[in-house]
Amino acid sequence: MTSPRWRLGVPASLNEVVMKNGKPVFKPYPSMEMQEIGNCSSLQFVNTVEINPQNGWMWIIDTGRINYFSPNGTQVQNICPAKLVIYNIETSTEIQRFIFPSDVVSPTGNYLNDIVLGNNGYAYITDAARGDGGLVVYNFNDNSAHRIVHDFMKADPNATVFNISGIISIVSGSINGIALSPDSRSLYFCPLTSYNLYKISTEDARKGTNVTPRFVGRKVSQTDGMIMGQDNLYFGALGLNAVYKWDPTTNLTLQTQKLVTQDNTGMQWISTFAFDGKGYLWFTATKVQDFRANRMDFSGNSGANFRVWKIKVDENSYLVPKPTSGPISGGNTPVSYLRIILAFTVVVTIVALL
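Residue indices begin from 1 for each chain and proceed along its sequence in written order. Under the rules for a predicted model, residues below a pLDDT of 70 receive no local features and side-chain atom pairs below 80 are neither given nor counted, while totals for whole chains, interfaces and linings still include all residues. Calculated side-chain values reflect all of the structure's heavy atoms, with hydrogen atoms and water omitted.

1. What about the overall build of the protein chain?
Stated precisely, the cut-off is as follows: Here a strand is any run of E in DSSP of at least two residues, a helix any run of H or I of at least four, and the numbering for each starts at the N terminus. The quantity called the radius of gyration is restricted to C-alpha atoms. Its globule counterpart is 2.2 Å times the number of residues to the power 0.38. For every residue, the accessible area obtained with a 1.4 Å probe (protein chains only) is divided by the maximum for its type, and the residue is called buried under 20%, exposed over 50%, and partly exposed between those limits. Throughout, a contact is declared for two residues whenever any of their heavy atoms are within 4.5 Å. Accessible areas in this description were obtained via Shrake-Rupley with a 1.4 Å probe; residue shielding takes into account the shown protein chains only. The charged-residue count follows a simple rule in which Lys and Arg add positive charge and Asp and Glu add negative charge, with His and chain termini not counted at all. All charge positions are set by atom: Lys at NZ, Arg at CZ, Asp at CG, Glu at CD.
On a plain count of helices and strands, the protein chain comes out with 2 helices and 26 strands. Scaling as 2.2 N^0.38, a compact globule of 354 residues should have a C-alpha radius of gyration of about 20 Å, and the protein chain matches this with 19 Å. Here the protein chain holds 354 residues, and the buried ones make up 54% of them. Relative to all contacts within the protein chain whose residues are 6 or more apart in sequence, the contacts with residues 24 or more apart total 55%. Counting only carbon and sulfur atoms, one obtains 49% of the accessible surface of the protein chain, whose full area is about 14,800 Å². The protein chain carries 29 positive and 26 negative side-chain charges, and their two centres are separated by 5 Å.

Structure (structure tokens):
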């Protein structure tokens, strides 16, 4: 799990959940030494990781910046250039790292948000930078990267009102959620502040010039995170405290978006998704609207601020070949890993929807 350093005082930005005295706690991953603030060889601000279940490689994006949402007026700290670290969690060894050039990812303005992995050594990363966001395309084969910008990646000024369980927040955020089709040919994305879903050919994205995204359709609500399974695209519906799915072989309409689960108390601001290789979809509910407005109770007296949910969907990650028949049991899946993002965990509840 990641703990983005949105404010000062977060000891580790990437963690492993372990049990201690019968309770889940965070253990810095891969070590406490790799969490040192000010050491640009270490991790400064990890918002997202993606793990390839075929080989156990964890792709870690680090913005290099901390203290984005300070409650006391202190400034963002631009500590290090943004970087990508590829780490083998089976052998505990670093495979490769890449420092993003400033003309691709700004060291003083970026917010590297989410990442998906192609089948040919490419990774696609959303940069939700203030103002003009962008899509960063990384090529593992020659350790290079380029940036794509388009008006479709900007916040929609007509979608800034977020109504979450009756509480109104005004939010302006650029490109955020991202998902990749199982055949690695189509890249889906949406700005946080938008109802629209867009699509790019990965062939065009890899070339990086004259890229024109296509409007796919209008979602039921604004979305933070999304994920592609073997058949469906899953996404959070922030204004509905719900998870929806859509089959990309159909047109995106209100009728083709299907409700998966909903909870007006426990599923506020659904953020990040992962499959576990056993037919379950995991996701976080982080109440970001309360965190940004300084309304959170960190004493624990009000229960969990952040929750991790799982629900049976009988589907696996876009990175895992689809079985020929039958439900997913997990027995024939390669190695199953979870990547979940949680913004500052003080009290965590893990809930199963069976």
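2. So, the sheet that holds strand β12 (residues 144-148)
As a reminder, the rule being used: Think of it this way: DSSP has to see at least two bridges between two strands before they count as a pair. Interaxial angles span 0 to 180 degrees and are taken between N-to-C directions of axes, which are lines fitted to C-alpha atoms, for helices over the stretch in contact.
Taken together, 4 strands build an open sheet; the order of strands is β9-β10-β11-β12 and the sheet is antiparallel. At either end of the open sheet lies a strand with only one pairing partner, and these are β9 (112-117) and β12. On average, each strand axis in the sheet is inclined to that of its neighbour by 20 degrees, with strand direction left out of account. When β9 meets strand β10 (residues 122-127), the two strands line up antiparallel, connected through 5 bridges. Bridging across to β10, Ile-115 finds its partner in Ile-125.

3. Here we look at the packing of aromatic side chains
Note on aromatic pairs: each is described by the distance of the centres and the angle between the planes. We count it as follows: The aromatic pairing rule takes the rings of Phe, Tyr and Trp, using the six-membered ring of Trp, and pairs them if the centres are within 6.5 Å, calling planes under 30 degrees apart stacked, those over 60 edge-to-face and the rest tilted. Both a distance and an angle decide whether a charge sits over a ring: NZ of Lys or CZ of Arg must be within 6 Å of the ring centre and within 35 degrees of the ring normal.
Evaluated as defined, the whole model comprises 22 aromatic pairs. Aromatic side chains Phe-189 and Tyr-198 sit 5.5 Å apart centroid to centroid with 25 degrees between the ring planes, which places their arrangement in the stacked category. For the pair shown, Phe-189 and Tyr-198 are each scored as buried. Ring centres of Phe-235 and Tyr-244 lie 6.3 Å apart, and the angle between their planes is 20 degrees; this geometry places the pair in the stacked category. We note that Phe-235, like Tyr-244, is buried. Counting every residue linked through ring pairs, the aromatic cluster contains Trp-6, Phe-45, Tyr-68, Phe-69, Tyr-111, Phe-291 and Phe-298. Geometry around Tyr-280 places Lys-310 over its ring, the cationic atom sitting 4.6 Å from the centre.

4. Thoughts on the pairing of strand β17 (residues 196-201)
Alignment of strand β16 (residues 186-191) against β17, held across 4 bridges, turns out to be antiparallel. Bridge pairing links Phe-189 to Tyr-198 in β17. Taken together, the 4 bridges between β17 and strand β18 (residues 214-218) define a ladder with antiparallel strand orientation. When the bridges of β18 are listed, Tyr-198 appears paired with Phe-215.

5. A look at a nonpolar patch on the surface
Our working rule: To count toward a patch, a residue needs a relative accessible area above 30% and no salt bridge. Like charges then connect within 9 Å, nonpolar side chains (Val, Leu, Ile, Met, Phe, Trp, Tyr) within 5 Å. Between Lys or Arg on one side and Asp or Glu on the other, a salt bridge is scored when a side-chain nitrogen of the former is within 4 Å of a carboxyl oxygen of the latter.
There is a patch of nonpolar side chains on the surface, built from Val-161, Ile-168 and Ile-170 and spanning about 290 Å² of accessible area. You can see Ile-170 is positioned in strand β14 (residues 167-170). With a relative accessible area of 62%, Ile-170 lands in the exposed category.

6. Remarks on the environment of Asp-314
By secondary structure assignment, the location of Asp-314 is in the loop between β25 (306-312) and β26 (348-353). Residue class for Asp-314 comes out partly exposed when judged on its relative accessible area of 42%. Sequence-wise, Asp-314 and Phe-215 are 99 residues apart; in three dimensions their C-alpha atoms are separated by 29 Å.

7. Considering the confidence of the model for the protein chain
Note the following rule: A score from 0 to 100, pLDDT tells how confident the predictor is in each residue.
For the protein chain, the mean per-residue pLDDT works out to 91, and 92% of the residues sit at or above 70. Across residues 331-337, where pLDDT falls below 50, the model places 16 contacts with residues more than four positions away in sequence or in other chains. Throughout residues 340-354 the model reports pLDDT below 50, and contacts reaching past four residues in sequence, or to other chains, amount to 66 contacts.

8. Section: empty space enclosed by the protein
Our working rule: Buriedness of a pocket was judged along seven lines, with at least five required to meet protein on both sides within 12 Å; pockets are open sets of points on a 1 Å grid over the protein atoms alone, cavities are sets where a 1.4 Å probe fits but cannot get out, and lining residues have an atom within 4 Å of a point. Grid points are joined across faces, edges and corners, and a volume is the space filled by probe spheres set on the points. Classification convention: Asp, Glu, Lys, Arg as charged; Ala, Val, Leu, Ile, Met, Phe, Trp, Tyr, Cys, Pro as nonpolar; all other residues, Gly among them, as polar.
For the coordinates displayed, the defined rule picks out 2 cavities of 30 Å³ or more. There is about 30 Å³ of room inside the second largest cavity. Lining the second largest cavity are 10 residues, with Val-116, Ile-178, Ile-227, Met-228 and Tyr-318 sitting closest to its centre. Within the residue set of the lining of the second largest cavity, elements represented by two or more residues are β15 (175-180) and β19 (226-228). For the lining of the second largest cavity, the per-class residue count stands at 8 nonpolar, no polar and 2 charged.

9. Here's the deal with the sheet that holds strand β21 (residues 242-246)
Backbone-to-backbone hydrogen bonds pair the strands of a sheet. The strands run either parallel or antiparallel. Across the sheet, which stays open at both edges, the 4 strands sit in the order β19-β20-β21-β22 with antiparallel pairing between neighbours. Each end of this open sheet is capped by a strand with a single partner; those strands are β19 and β22 (258-262). Across the sheet, the axes of successive neighbouring strands diverge by a mean angle of 20 degrees, strand direction being ignored. Bridging between β19 and strand β20 (residues 233-237) involves 3 bridges; their strand directions are antiparallel. Directly across from Ile-227, in β20, lies its bridge partner Tyr-234.

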